[in-house]
Amino acid sequence: RLLSVLRRRCDMAGKRLSGPGLAAEGRVLRAVLYVYHSRLLRHRPYLALQQVEQCLKRLWKMNLVGCLETLVELIPKKNASKAHTECLVPSQPMLETVALKVLGGCKLILRLLDCCCKAFLLSVKHLCSKEFILLNTLASGLLSRLWFVIQYRCVLQTLTSLYSALLTMLHLVSETQQTPYIKGFTFPSDISDFLGVDISSEAKKQKAKMLTTKKSTSWMKNLFPPMPEAVSKIGKKRKSETCRSAMINCSIPCAMDIGERVV
């Protein structure tokens, strides 16, 4: 029964980590950083975006998904029909390695969520200051989507439940035959103590920060004020040729992210 629970939780964690959402947002983030690299080396939202990208890179480099797939291959697919029938189980070194990677993955994802929240607040702040409108608009949308993908798919909660199953199996295997691999480290019985925060309460705090910031600043209204009715009526009557000539004669280059509101 414990082996089937462990297999199911490994499969679930692997699917949620290797889902298309995280990979897609990571590709978009790398593309944005590549485009703005030569222009915004000292811009604070850009530096915050680099921290988010660094957390994502470390998460993929640790190859947690591949480690979970290897563990699943070592778990028997069918449960033994009899209670006293012997069956193969993963070794203690393998369970310790996966448990250690799960702890590190939880720490990294928690850091990633924190970096996303801070970078989002910073982008909105600079957006309200009318600085680099294009970049900050893009960054705020990207960061909110990335934060939402991790929370909506419950990646952190899935890893914590996987760790509890790993710890139970690790205790049973070590009682049968002790072959410790990782020495000088005691695996915590409660992962919340290791992380130092309560996962659900931390997510609620971050969500409240992001929502109150968007609501209080109302940056879209500040950047794009409502047009008076008289001006809008005149604009509707204008011919397309007049509009094109006005765009050509405009002295401000439209392709540049100038950072100031254009009337």
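Residues numbered from 1 in each chain as written. Predicted model: local features only at pLDDT ≥ 70, side-chain atom pairs only at ≥ 80, totals over all residues. Heavy atoms only, no water.

### Side note on the overall build of the protein
Broken down by element type, the protein carries 12 helices and 0 strands. Overall, the protein shows an N-to-C arrangement of helices and strands of α-α-α-α-α-α-α-α-α-α-α-α. Split into buried and exposed, the 263 residues of the protein put 39% on the buried side. By sequence separation, contacts in the protein at least 24 residues apart represent 86% of the contacts at least 6 residues apart. (Helix = DSSP H or I, 4+ residues; strand = E, 2+ residues; numbered from the N terminus. Buried < 20%, exposed > 50% of the residue type's maximum accessible area, 1.4 Å probe, protein only. Contact = heavy atoms within 4.5 Å.)

### What to know about the pattern of salt bridges
On inspection of all chains with the given rule, the structure shows 4 salt bridges. Notably, a salt bridge pairs R145 with E25, separated by 3.1 Å at the nearest N-O pair. With R145 in helix α6 (residues 133-152) and E25 in helix α2 (residues 20-35), this residue pair connects regions lying 120 residues apart in the sequence. On the basis of relative accessible area, R145 is assigned to the partly exposed category, the value being 40%. Between R111 and D114 there is a salt bridge, with the nearest N and O atoms lying 3.8 Å from each other. Here D114 and R111 lie together in helix α5 (residues 92-128), a separation of 3 residues that amounts to about one turn. The exposure class of R111 is partly exposed, given its relative accessible area of 39%. (Salt bridge = Lys/Arg side-chain N within 4 Å of Asp/Glu carboxyl O.)

### Points about the side chain of S174
For S174, the location among the structural elements is in helix α7 (residues 155-176). Relative accessible area serves as the criterion here: at 14%, S174 is assigned to the buried category. Of note is the side chain of S174, whose polar atom sits 2.9 Å from the backbone oxygen of H171. (Polar contact = N/O pair within 3.5 Å; in protein donor to acceptor, adjacent residues only side chain to side chain.)

### Some thoughts on α5
Between its first and last C-alpha atoms α5 spans 54 Å; for 37 residues at 1.5 Å apiece the expected length is 54 Å, and the two agree. Just past α5, the residue K130 takes up positive phi, approximately 65 degrees. (Expected span 1.5 Å × (residues − 1).)

### Remarks on the nonpolar core
Counting residues in hydrophobic clusters, the biggest one holds 69 residues, and the most contacted among them are L6, V52, V102, I109, L159, L162 and L166. Among the secondary structure elements, those contributing two or more residues to this core are α1 (2-17), α2, α3 (44-61), α4 (64-74), α5, α6, α7 and α8 (191-195). Excluding residues that lie within four positions of it along the chain, L162 makes contacts with L6, R9, C10, A13, L68 and V102. (Core = buried A, V, L, I, M, F, W, Y, C linked by side-chain atoms within 4.5 Å.)

### Here's the deal with the confidence of the model for the protein
Summing up the model confidence of the protein, the mean pLDDT is 76 and the portion of residues at 70 or higher is 75%. Predicted confidence is poor over residues 239-258, with pLDDT under 50, and the contacts of this stretch with residues over four places away or in other chains come to 9 contacts. (pLDDT = per-residue confidence, 0-100.)

### Some remarks on the side chain of T158
Here T158 lies in helix α7. Here R16 takes part through its side chain, which lies 2.7 Å from a polar atom of the side chain of T158. Apart from the residues within four sequence positions on either side, T158 is in contact with M12, A13, R16 and R153.

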